[in-house]
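# Remarks on the overall topology
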Amino acid sequence: MKQHLLHTPEGVRDIYNEECEKKRYLEEKLQHIVTTYGYHPIQTPSFEFFDIFGKEVGTVPSRELYKFFDREGNTLVLRPDITPSIARFASNYYMEETMPLRFSYKGNTFVNTSSLQGRLKENTQLGAELIGDDTPDADAECLSMVVECLLHAGLKEFQLSVGHVGILQGMMEAAGLDEEEEDRLRDLIMNHNFFGVESFLAQKHLDTALQELFSVVGKIYQSAEEFQYAKELARGYEKVYASIARLEKLQSLCLLYGIDKYISFELGVISSYQYYSGMILKGYTFGSGEPVVKGGRYDRLMKHFGKDAPAIGFVIVIDQLLAALSRQGVAMQAGQRSQLVIYDEAHREDAIVYARRQRAAGCSVELILKAADKSRADYEAYASRSQAARIQFMDGE
């Protein structure tokens, strides 16, 4: 046998038995929460035209896309991110709709990351998008949904790090940084190298208030009082001030939703996705080196597809969340266990009638015609390996 045919390519893996059952169960629990908020499920294709995820959109770099061609020579890509697909979908089918649109989805994404990063190249994401609402109330609904999903999944300790794209953008514009300097500063902040930020900006001779604003980028804010100092520093910078005030309003709404203890506001939260334009969020918990939740506001992305509408959304990375739950020892139901019924030819009808009745009642039954070269012990061992709920013999013995 050709052994290489038994292996998966680098960056992808098989999921089976109990893990697969737990994954499906987790997806169903999360989908239930999203549905209770009035979000309607949709499906978009696993591959799209290249331009859906091109540089102008601001998603994954071209070198990390899985690209191929159709018969007409069009460049297609496996989707690295589902949000642009939702934006295309909404622009296509709901161009004239002026009321808010709520969509939910589940699907796999594909990113050809470097093997040195140790990340899977295929991940399952479950998410929701709210299109046509630019209010802080929409931002708060998004955060509330995320918190409820994570709690419903079984997490007890997690934190959502929430920021606003306009804060850092406004500060960099005020500092007069060029594109290369902005990229350098983003890298420093993304790596939490705030000593590097201070050293980098020391050469720019910024005014005192702006210099101080950069120094509080890495601080965490959890109350209205803590926002006041940053707002005072930002009074001379309209974009920065408006963005901080927006987060302050969002903080008050989180209190109404009762989710404030799970929210930390950080002025320097950054995403690699360039289409975000307002609130941005990342969710962290123990046992996962990557965020289990990502999302934010993308008010300009819809316009790229022809529908000028604000939007906000999030995705839960199912594989990351499942790994975190496992490492934290959170007990998870692995789906309904099957009964295993072993029958011989003389009892075939009895076994089938029994299985039909059990299945009609919502139970899972696995039927196996007894083989001459298998003993009861063989089937009992199989039942143990397959974690059957119980085994029943209909063979006259």
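Scroll up to find the structure.
Below is a summary of the structure that appears in this document.

Moving on: the sheet that holds strand E15 (residues 390-394). Reading across from one edge, E14-E13-E15 is the order of the three strands in this open sheet, with parallel pairing throughout. Of all the strands in the sheet, just strand E14 (365-369) and E15 have a single pairing partner and so form its edges. For this sheet, the mean angle separating the axes of adjacent strands, direction not counted, is 20°. Here strand E13 (residues 339-343) runs beside E15; their pairing, made up of five bridges, is parallel. Following the sheet pairing, Ile 342 is matched in E15 by Phe 393. The strands touched by helix H12 (residues 348-360) within the sheet are E13, E14 and E15, with E14 carrying the most contacts at an inclination of about 170°. Along the sheet, helix H13 (residues 376-385) makes contact with E13, E14 and E15, crossing E15 at roughly 150°.

In total, this model carries eleven aromatic pairs according to the counting rule given. Measuring from centroid to centroid gives 5.5 Å for Phe 227 and Phe 265, while their planes differ by 65°, and the two rings are edge-to-face. Of this pair, Phe 227 sits in helix H8 (residues 224-233) while Phe 265 sits in strand E9 (residues 263-266), and the two are 38 residues apart along the sequence. Under the relative-accessibility criterion, Phe 227 is labelled buried at 0%. The class of Phe 265 is buried, set by a relative accessible area of 1%. An aromatic cluster is defined as three or more aromatic residues linked by ring pairs; in this entry it consists of Phe 89, Tyr 93, Tyr 94 and Phe 103. Positioned over the ring face of Phe 393 is Arg 376, at 4.2 Å from the centre of the ring.

Nonpolar side chains in soluble globular proteins generally cluster together in the buried interior. Leu 143 and Val 162 are the most contacted members of the largest nonpolar core, which has 71 residues in total. The leading source of residues in this core is helix H3 (residues 136-153), at ten residues. Ignoring sequence-local partners within four residues, the contact set of Leu 143 consists of Leu 160, Val 162, Leu 250, Cys 254, Ile 259, Ile 263, Met 279 and Leu 281. Grouped together as the second largest cluster of nonpolar side chains are 30 residues, Ile 52, Ala 90, Tyr 275 and Phe 305 included.

A few words now on the sheet that holds strand E10 (residues 279-285). Pairing is mixed across the open sheet formed by nine strands, whose spatial order is E1-E5-E6-E12-E11-E10-E7-E9-E8. Each edge of the sheet is formed by a strand with only one pairing partner; in this case those strands are strand E1 (40-41) and strand E8 (220-221). Pairing geometry for strand E5 (residues 101-110) and strand E6 (residues 122-131), over ten bridges, is antiparallel. Across the sheet, the residue bridging to Gly 107 is Gln 125, located in E6. Against the sheet, helix H11 (residues 318-327) contacts E6, E10 and strand E12 (311-317), and its axis sits at roughly 45° relative to E12.

In this structure, Asn 17 takes a positive phi of about 50° despite not being glycine. Looking at the element boundaries, Asn 17 is found in helix H1 (residues 17-36). A positive phi angle, close to 55°, is found at His 205, a residue other than glycine. Relative to the elements of secondary structure, His 205 occurs in the loop between helix H6 (194-202) and helix H7 (208-215). With a relative accessible area of 71%, His 205 lands in the exposed category.

In this section: the packing of helix H4 (residues 165-175) against H7. Across the interface, H4 lies against H7 with an axial gap of 11 Å and an inter-helix angle of 145°. Seen along the crossing, H4 lies across H7 with a hand that is left-handed. Counted together, Leu 168, Met 171, Met 172, Ala 174 and Ala 175 of H4 and Leu 210, Leu 213 and Phe 214 of H7 form the full contact between these two elements. Across the contact of H4 with H7, the residue classes tally to eight nonpolar, no polar and no charged.

Mapped onto the elements, Arg 337 comes out in the loop between H11 and E13. Looking at Arg 337, the relative accessible area reads 28%, which means it is partly exposed. As for Arg 337 and Ala 234, which are separated by 103 residues in sequence, their C-alpha atoms are 59 Å apart. Each residue touching Arg 337, except ones within four places of it in the same chain, is listed here: Glu 18, Glu 21, Ser 364, Gln 387, Ala 388 and Ala 389. Within the structure, the side chain of Arg 337 is placed 3.0 Å from the side chain of Glu 21, a separation counted as a polar contact.

Rules and cut-offs
- Residues numbered from 1 in each chain as written.
- Predicted model: local features only at pLDDT ≥ 70, side-chain atom pairs only at ≥ 80, totals over all residues.
- Heavy atoms only, no water.
- Pairing = 2+ DSSP bridges.
- Helix = DSSP H or I, 4+ residues; strand = E, 2+ residues; numbered from the N terminus.
- Axes fitted to C-alpha atoms, helices over the stretch in contact; angles between N-to-C directions.
- Contact = heavy atoms within 4.5 Å.
- Phe/Tyr/Trp six-rings, centres within 6.5 Å; stacked < 30°, edge-to-face > 60°.
- Buried < 20%, exposed > 50% of the residue type's maximum accessible area, 1.4 Å probe, protein only.
- Lys NZ or Arg CZ within 6 Å of the ring centre and 35° of its normal.
- Core = buried A, V, L, I, M, F, W, Y, C linked by side-chain atoms within 4.5 Å.
- Left-handed = near helix turned anticlockwise from the far one by under 90°.
- Nonpolar A, V, L, I, M, F, W, Y, C, P; charged D, E, K, R; others polar.
- Polar contact = N/O pair within 3.5 Å; in protein donor to acceptor, adjacent residues only side chain to side chain.

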